[in-house]
Amino acid sequence: MKVLVINCGSSSLKYQVLDMTNEVLECKGLVERIGMDGSVITHEKTGIDKFRDVTPMADHKDAIGHVLAAIQDPEHGVVKDMKEIGAVGHRVVHAGEKYAKSLLITDDVIKALEECTQLAPLHNPPNLLGIAACQELMPGTPMVGVFDTAFHQTMPPESYIYAIPYEFYQKHGIRRYGFHGTSHRYVAERASDILNVNLDDLKLITCHLGNGASVSAIKRGRCIDTSMGFTPLEGLVMGTRSGDIDPAIVTYMRECENLDQGVANEILNKKSGVLGISGISSDFRDLEAAAEEGNERAQLALKVFAHKVRFYIGAYIAEMNGCDAIVFTAGVGENDIGMRDIICNDLGNLGIKLDVVKNRVRGKEAIISRDDSAVKLILIPTNEELMIARDTKDIVEGVKIKQNRY
Ligand code: AMP
């Protein structure tokens, strides 16, 4: 079966077609500036050159129309007819407490996701627009929703309840949800394959360190804690997001600088993190170059980032009473040799010993711990699209999917 994977943002859309008989990526692409001047699609068939087409796209339906044309293009396409696409898998950010696993999209599911929109006002609306456009343009093709929050629904209440009046949870759903679930689940499954140990026998800490970053504690295949919370702002220091701060800072900052709520929100989401500390960039490559030249704030930003990752690793080792493996994934986790080195430095008493030679690797699966390290350190490039395509195929073919472990 060929599966089209769609990941819709507010003005952009990423897609892939995978042949799931052998899990091969056939093509992928990106649409940018949907509904703006200069809408553009970049499409790449595996093994041949990309093409780029700047063409007006008024809305998501228009954009999906161009995606479908690209995948049927005589030269760059991968199907002759859309009937060859057996199903579409949609990434959806927030399913609240409603769904703990991926599922077939029905009218009831759409209604439930619309109800979650207030929890993810920036993300769920474009996800839903993408689903509606595909349903209109591909009638009869089954659609599956794969939710970022679903994997974390196994967290126990002591991990997800905030210590604020309980009514806020009951009335408004204010609790910790966690995000990046599809990535944490993918790398956990790969770690189990690489170690050749059943997930049910493993305690894992998965570090998704990209522009957005989160850490999860995964015990016997079930997420028991994760660093992102009610929104993706909580937890680690990120590219431009603050992560954990004293909540009183928000009110104080607003008073000091006479900021309205929107501006304060923007500061915490877009101007904080390593960008905020360094004043230079959210990109770790820029920060490392600046740090190398002696820039003290770039050096500090990198240290604060690493400190927070180590903080969560320590916490999750305590929560699970040990850990068999720590996984590094996403842009920084997969590529930043120096950052992995700082994170793992001097943790020998916890059984964590990085092999500095094996650590000199980027973007491919590798065990990077020393042979005598009790905790294995593993680099695993994430592949959320493949996870979405696997769930989609399994659900459409009626297979009970693996994440349903409870
Ligand atoms: P992601 O959000 O997973 O795409 O990660 C993007 C981030 O990965 C970028 O902002 C960079 O900070 C980081 N990154 C990518 N490549 C490298 C590299 N070779 N060295 C250090 N950081 C990198």
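Below you will find a few notes about this structure. (Residues numbered from 1 in each chain as written. Predicted model: local features only at pLDDT ≥ 70, side-chain atom pairs only at ≥ 80, totals over all residues. Heavy atoms only, no water.)

Where charged atoms from two side chains of opposite charge come close, those side chains can pair. This model, assessed by the stated rule, comprises 16 salt bridges. A salt bridge links Arg370 to Asp372; the shortest N-O distance between them is 3.0 Å. Three or more residues joined by partner-sharing salt bridges are found here, namely Arg176, Asp225 and Glu234. (Salt bridge = Lys/Arg side-chain N within 4 Å of Asp/Glu carboxyl O.)

Tracing the sequence through the fold places Phe284 in helix H10 (residues 284-292). Take Phe284: its relative accessible area is 7%, and that puts it in the buried class. Sequence separation between Phe284 and Ala301 is 17 residues; the distance between their C-alpha atoms is 9.5 Å. (Helix = DSSP H or I, 4+ residues; strand = E, 2+ residues; numbered from the N terminus. Buried < 20%, exposed > 50% of the residue type's maximum accessible area, 1.4 Å probe, protein only.)

Glancing now at the side chain of Thr240. Relative to the helices and strands, Thr240 is located in the loop between strand S11 (222-226) and helix H7 (248-257). Those residues in contact with Thr240 that sit more than four places away from it in its chain are Asn211, Ile267, Leu268, Asn269, Lys270, Lys271, Ser272, Gly273, Leu275 and Ser282. (Contact = heavy atoms within 4.5 Å.)

With that settled, consider the site of the ligand. Neighbouring the ligand are the residues Gly210, Asn211, Asp283, Phe284, Arg285, Ala330, Gly331, Val332, Asn335, Asp336 and Arg362. One of the side-chain nitrogen or oxygen atoms of Arg285 is found 3.4 Å away from a nitrogen atom of the ligand. In the model, an oxygen atom of the ligand is placed 3.4 Å from a nitrogen or oxygen of the Val332 main chain. About the coverage of the ligand: the protein hides 72% of its 500 Å² of free accessible area. At the level of secondary structure, the elements contributing two or more residues to the shell around the ligand comprise H10 and helix H12 (330-335). (Near = heavy atom within 4 Å. Polar contact = N/O pair within 3.5 Å; in protein donor to acceptor, adjacent residues only side chain to side chain. Areas by Shrake-Rupley, 256 points an atom, 1.4 Å probe, with all protein chains shown as cover.)

To continue, consider the state of the cysteines. Under the defined criterion, the tally for this structure stands at zero disulfides. Its sulfur unpaired, Cys116 is 18 Å from the next cysteine sulfur, which belongs to Cys8. The exposure class assigned to Cys116 is buried, which follows from its relative accessible area of 6%. Unpaired in terms of disulfides, Cys134 finds its nearest cysteine sulfur in Cys8, a separation of 7.1 Å. (Disulfide = S-S within 2.5 Å.)

Pairing between sheet strands relies on hydrogen bonds along the backbone, with the strands arranged either parallel or antiparallel. Pairing in this open sheet of six strands is mixed, and the strands run S11-S10-S9-S12-S14-S13 from one edge to the other. Because the sheet does not close on itself, it has two edges, and the strands there are S11 and strand S13 (366-367). The sheet strands contacting helix H6 (residues 181-195) are strand S9 (203-209), strand S10 (213-219), S11, strand S12 (325-329), S13 and strand S14 (376-379), and the helix crosses S9 at an angle near 130°. With respect to the sheet, helix H13 (residues 337-344) is in contact with S9, S12 and S14, its orientation differing from that of S12 by roughly 150°. (Pairing = 2+ DSSP bridges. Axes fitted to C-alpha atoms, helices over the stretch in contact; angles between N-to-C directions.)

Those residues of H10 that fall on the buried side of the exposure criterion are Phe284, Leu287, Ala290 and Ala291. Buried residues of H10, seen end-on, are gathered within an arc of 125° and therefore sit on one face of the element. Of the exposed residues in H10, the ones pointing more than 90 degrees away from its buried face are Arg285 and Glu292. Phi turns positive one or two residues past the end of H10, at Gly294, with a value near 100°. (Arc of directions from axis to C-beta.)

As a further point, take the packing of helix H1 (residues 60-72) against helix H3 (residues 124-137). The contact between H1 and H3 brings their axes to 9 Å, and the two run at 55°. On the basis of the axis angle, H1 is oblique to H3. With respect to the hand of their crossing, H1 and H3 are arranged in right-handed fashion. Counting all contacts with H1, which are made through His60, Lys61, Ile64, Gly65 and Leu68, the residues of H3 involved are Pro126, Leu129, Gly130, Ala133, Cys134, Glu136 and Leu137. For the contact of H1 with H3, the residue count by class is seven nonpolar, three polar and two charged. (Parallel < 35°, antiparallel > 145°, perpendicular 65-115°, else oblique. Left-handed = near helix turned anticlockwise from the far one by under 90°. Nonpolar A, V, L, I, M, F, W, Y, C, P; charged D, E, K, R; others polar.)

These results come straight from atomic positions and should not be treated as a statement about function.
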